[in-house]
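One letter stands for each residue in the lines below.
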Amino acid sequence: PPPSAPPPPGCVRAPDGSLRLLSPALLSAGECNLLVAGGVAMMAGAFSRRGQTTLGISPALSHRLAGQQPLARAVPLLYLAVERARRRVCTAFGTPPERTRLSDATL
């Protein structure tokens with residue numbers, strides 16, 4: 001929608017005018033805890049610049065959690081969370097999921 005139009009339900013306008021979709025129920029509390037713990041373990045040795053660490057989402061992450069059985073579920077949950085978010089965006093903006101794609105998902 002144009003900047004003068006109200007944002008779709010669940011969206012807010014960022015200072016630059018772009019839209020942000022707020023989705024507080026995307027993950028359960030337990031899923032959030034697992035992703036935080038798994039993310040910390042997976043980010044060990046990840047690329048960092050000026051205190052900011054980037055973790056690219058890929059199947060290779062499962063190797064970083066090998067032997068840490070409770071945290072191993074974090075990798076498939078990352079993919080599930082990204083897919084849930086993609087579908088929520090599609091719903092909010094009235095875009096069929098088959099018309100979208102994911103590019104360079106990072107955490």
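On a predicted model such as this, the values are computed, not experimentally measured, just so you know.

Caption draft 1: Quick look at the state of the cysteines. Tallied over the full model, the rule gives zero disulfides. Cysteine C32 is unpaired, with the sulfur of C11 as its nearest cysteine sulfur at 19 Å. The exposure class of C32 is partly exposed, given its relative accessible area of 34%.

Caption draft 2: Layout of the side chain of E31. With respect to the secondary-structure elements, E31 resides in helix α1 (residues 29-42). When near neighbours in sequence (up to four residues on either side) are disregarded, E31 contacts L26, L77 and R84.

Caption draft 3: Just the pattern of salt bridges, in detail. Going through the model one piece at a time under the given rule, you end up with three salt bridges. Salt bridges here are not isolated pairs; linked through shared partners, they connect E83, R86 and R87.

Definitions and limits used
- Residues numbered from 1 in each chain as written.
- Predicted model: local features only at pLDDT ≥ 70, side-chain atom pairs only at ≥ 80, totals over all residues.
- Heavy atoms only, no water.
- Disulfide = S-S within 2.5 Å.
- Buried < 20%, exposed > 50% of the residue type's maximum accessible area, 1.4 Å probe, protein only.
- Helix = DSSP H or I, 4+ residues; strand = E, 2+ residues; numbered from the N terminus.
- Contact = heavy atoms within 4.5 Å.
- Salt bridge = Lys/Arg side-chain N within 4 Å of Asp/Glu carboxyl O.

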